[in-house]
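# Chain and residue survey
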Amino acid sequence: MIEDDLRAAFVRHEPLTPSTGPLRAAIDRLAAARRRRRQRFQAAGVTLALIAALGVGVPQLRPDRPAEDPLLSGQPAGSPTGSLNVLLVGVDGFGEEPPYRLADSILLVHIPADRSRPYLISLPRDLEVSIPGRGIDKLNSAFYTGAAEPRPDLDAGYDLTRRVVADLTGVRVDAGAVLTFAGLRRITEAVDGVDVCLPNEVRSWHSRRVFPAGCQRLDGAASVDLLRQRRYLPDGAFDRDRNAQVYVAGLIQRAVAQDVLTNPVRLAALLSAAGKGLTVDDDGLPLTRLVAVLPELKSVDPVGLSLPVGPAADNSSRLRLDPKQGPVFLAALGEDRLAEWVAQHPEQVNRVR
């Protein structure tokens, strides 16, 4: 009897049940949008990582006829007039597939409003920050927290990292990219290796490889090996950040030397090299508008900097913003006065070339 009553109740109320059609359509739209975004990542990712990182090779990007250039077509006239900030995140996934782990390299590229030259700012991975949903932790944990389990997501990891970096620095992040070490290895191979000039010898804790002091060409595996090193280095993670700056400069130089940015065939090959190992955020500042800014740079020589931090907090591995220099540096960044800050603190400039 009870079963019959339940069946009758379901029959009476079934017409009142909302249709699942609109919900399914909404889900399909979101899925399609995400697929389109992934396709944009595949097509634009390496370009952003290469030319937005340091602005090297800008003269080769200047089009003869801007109106007909495919990179600029369909975009609003003009380019951004204020300062720009691009966030680059390097992630060590220990392989081709998820799970992606902590963000090993976090770089903020600042392009001033006067377009004088780009500034590459390393943000220490061990910096103590406030992470939504996690509390006080290291900056590199923001990516892991955002990416989440059991199916880590590069986009979500980047989104939370961008939010934390914006809160930390007080500046708007206009665009950005995430590159896994697997993607980085493939990009390096695509340009037949990258030349780096190391100030000191580096011994790999992972492979026992020795990178001698001085200039040398690294293949994809060696590049990844170098960028993973921080143990046994005099300044630990700080030295790794400096090596990352040196690598990015070498990668750009290699791409320019091979005319990758002007040869359609070579560019197409490089764009597809990273595969699933790269994702790009171009929602705030479309890539095409960012590319349009680069020819305005008066100098393509980058300035390598590091966010000023103090000693480890409470005998732990966490670092805190230097109470004196940190706020002054961030004020100079927020007010677009890094050239003035560099002139006053030349000892804080990292050699990248």
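- In the nomenclature of an unreviewed UniProt entry, the protein chain is known as LCP family protein required for cell wall assembly of Micromonospora parathelypteridis.
- One UniProt comment on the protein chain, placed under Sequence similarities (unreviewed entry), says "Belongs to the LytR/CpsA/Psr (LCP) family."

## Thoughts on the pattern of salt bridges
- The full count for this structure, using the stated rule, is 17 salt bridges.
- The salt bridge partner of Arg 125 is Asp 104, with a shortest N-O separation of 2.6 Å. Here Arg 125 is found in the loop between strand E3 (119–122) and strand E4 (128–131), whereas its partner Asp 104 is found in strand E2 (residues 103–111), with 21 residues between them in sequence. Each member of the pair Arg 125 and Asp 104 is classed as buried.
- Glu 201 is the partner of Arg 203 in a salt bridge, and the nearest nitrogen-oxygen pair spans 3.0 Å.
- Look at Glu 201 and you get partly exposed, because its relative accessible area is 41%.
- One salt-bridge network, held together by shared partners, links Asp 104, Arg 125, Asp 126, Lys 138 and Arg 240.

## Details of the side chain of Thr 188
- Turning to its location among the elements, Thr 188 is positioned in helix H5 (residues 181–190).
- The contact partners of Thr 188, leaving out residues within four places of it in the chain, are Gly 193, Val 194, Leu 218, Asp 219, Gly 220, Ser 223 and Tyr 247.

## Here's the deal with the packing of aromatic side chains
- Evaluation of the coordinates by the stated rule reveals 1 aromatic pair.
- A centroid spacing of 4.9 Å and a plane angle of 80° characterise the contact between Phe 329 and Trp 341, whose relative ring orientation is edge-to-face. Within this pair, whereas Phe 329 is found in helix H10 (residues 325–334), its partner Trp 341 is found in helix H11 (residues 338–344), the two being separated by 12 residues in sequence. Residues Phe 329 and Trp 341 agree in their burial class; the two are buried.

What counts and what doesn't
Residues numbered from 1 in each chain as written. Predicted model: local features only at pLDDT ≥ 70, side-chain atom pairs only at ≥ 80, totals over all residues. Heavy atoms only, no water. UniProt positions renumbered as here; feature names shortened; annotations may be inferred. Salt bridge = Lys/Arg side-chain N within 4 Å of Asp/Glu carboxyl O. Helix = DSSP H or I, 4+ residues; strand = E, 2+ residues; numbered from the N terminus. Buried < 20%, exposed > 50% of the residue type's maximum accessible area, 1.4 Å probe, protein only. Contact = heavy atoms within 4.5 Å. Phe/Tyr/Trp six-rings, centres within 6.5 Å; stacked < 30°, edge-to-face > 60°.

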